[in-house]
Amino acid sequence: MPDSPATQEPGRSRARNLLAQEVAETRQRARLGGWFYGVAAALAFGVTGFAPPYRLSGLLVVGTLVMLAVVRVALPVAAAPDEREARRYLRRLWAVILATAAAWGAFSAWSQAALPQPAPLIALLFSGAFGMAIAHTLCMRRLPSAFAIAAVMAPTLAVLWREVAFGVGATWLVYMAYMLLVMGRSHREYWTRLELEEELRQQRDAFATQSRVDGLTGLPNRREFSESLEQAMEVAGGGRPLSLLILDIDHFKRINDTYGHLAGDACLLRFASRLREAFPGEGELCARLGGEEFGVVLAVDRAAARVRADAFREALARVPLEFDGIRQVVTASIGCCGFDAGRHSGADALYREADAALYRAKVGGRNRTECAPGD
Ligand SMILES: Nc1nc2c(ncn2[C@@H]2O[C@H](COP(=O)(O)OP(=O)(O)OP(=O)(O)O)[C@@H](O)[C@H]2O)c(=O)[nH]1
């Protein structure tokens, strides 16, 4: 059966994150590596003293390698590329890496016969170093990485085999095979690390979300509610209206005692969705503060908040809650307090007054709304 869009989404975001990480790391590693080719060629030609027979070829080789290093750095990529951009960037970057490897490989092979010692030795040593550097650091993609190693090593292999000695060529071949094995292992380790990091990132994000959401109802929990209330109060400090409602289901213990704890959970869930339906507007935040106590922040003054609270309470008392195959009338008591910047120095002060009003609503007989004095 094909995955539903909901189950595909985490997989897609995981693949997107892995690709973004690959882009960032390939970019970072390729940027530095490119310059070494120019430096190596300059050293090889440097030992010839850039004598006239080698001057033009020296300029050409060093110039080409430096230019390719510049292109590596200058290849544009957005800070957060989308999937298509990321793939295009990787294709281009790998093309430049392969071009550099091919240019170096050709130079190294050519230098074995065309340049005086110790220039060929320098080129040979650098070929080994570059091949191994690719195997270790540019191992993200197996195929282009293998081509890059072959491009650096194979032309010199042909020359050593033919011009120097079979044994030296065979040694070079074994060295190249070893690099390919190292690259394969680095490739596996690289992706294991990336996937592990991604898993840790996803777990961290899930914990961060869980720490702010009530596990039963999916509403924000008390911690999230307190922070949102603080922020809303800062905004309201500029003169905008703000009110707080604290709601507590009446005699909730009886629901648990009569129908059992699981039915009690289902009742809380239904109550939470009724609350969310009643306060869906922008700037309205519903939260579960704990047990059978809920909070609502409203961007209206106290009088309007009281009207909304009574409308919710009356509808709740009129239309039974349906949960776990049970139809049960449930009522709630509500404490209401309008924010007053002069009186409420922080969220705690506002909460305390709304909570005291809730207490009066309970003591006054329940299924009622009480407002804080001074409102
Ligand atoms: N099923 C369920 N019950 C819970 C949960 N959290 C708290 N309770 C129960 O809620 C009940 C609250 O009881 P009380 O504090 O006595 O309040 P009440 O029965 O609602 O009475 P009043 O608030 O005075 O109207 C307790 O029995 C708790 O065990 C929960 O997550 N699930």
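Residues numbered from 1 in each chain as written. Predicted model: local features only at pLDDT ≥ 70, side-chain atom pairs only at ≥ 80, totals over all residues.

As annotated in an unreviewed UniProt entry, the chain carries the name diguanylate cyclase and is attributed to Luteimonas salinisoli. Quoted verbatim from the Cofactor (unreviewed entry) heading of the UniProt record, the comment on the chain is "Mg(2+)". UniProt, in its Catalytic activity (unreviewed entry) section for the chain, records the words "2 GTP = 3',3'-c-di-GMP + 2 diphosphate". (UniProt positions renumbered as here; feature names shortened; annotations may be inferred.)

Let's shift gears to the environment of Ala354. Secondary-structure assignment places Ala354 in helix α11 (residues 347–363). The exposure class of Ala354 is buried, given the 28 C-beta atoms found within 10 Å. Placed 111 residues apart in sequence, Ala354 and Ser243 show a C-alpha to C-alpha distance of 9.3 Å. Look past the residues within four positions of Ala354 in its chain and what remains in contact with it is Leu244, Leu245, Ile246, Gly335, Cys336, Cys337 and Ala372. (Helix = DSSP H or I, 4+ residues; strand = E, 2+ residues; numbered from the N terminus. Buried ≥ 20, exposed ≤ 12 C-beta atoms within 10 Å, placed from the backbone. Contact = placed C-beta atoms within 7 Å.)

Here we take up the confidence of the model for the chain. Mean pLDDT for the chain: 93, with 97% of residues reaching 70 or above. Averaged pLDDT values over the elements of the chain bottom out at 88 in helix α1 (residues 5–46) and peak at 98 in strand β1 (residues 243–249). Note on residues 1–7: pLDDT under 50 across the span, and 1 contact to partners over four residues away in sequence or across chains. Across the interface, the model reports ipTM at 0.97; the global pTM reads 0.70. (pLDDT = per-residue confidence, 0-100.)

This brings us to the sheet that holds strand β2 (residues 285–290). Think of a sheet as strands paired side by side through backbone hydrogen bonds, with each pair either parallel or antiparallel. Overall, mixed pairing links the 5 strands, which are arranged β2-β3-β1-β6-β7 in an open sheet. Strands with a single pairing partner mark the edges of an open sheet, and in this sheet they are β2 and β7 (369–371). Neighbour-to-neighbour, the strand axes of this sheet turn through a mean angle of 20 degrees, independent of strand direction. Pairing geometry for β2 and strand β3 (residues 293–298), over 5 bridges, is antiparallel. Paired with Arg288 across the bridge in β3 is Phe294. (Pairing = 2+ DSSP bridges. Axes fitted to C-alpha atoms, helices over the stretch in contact; angles between N-to-C directions.)

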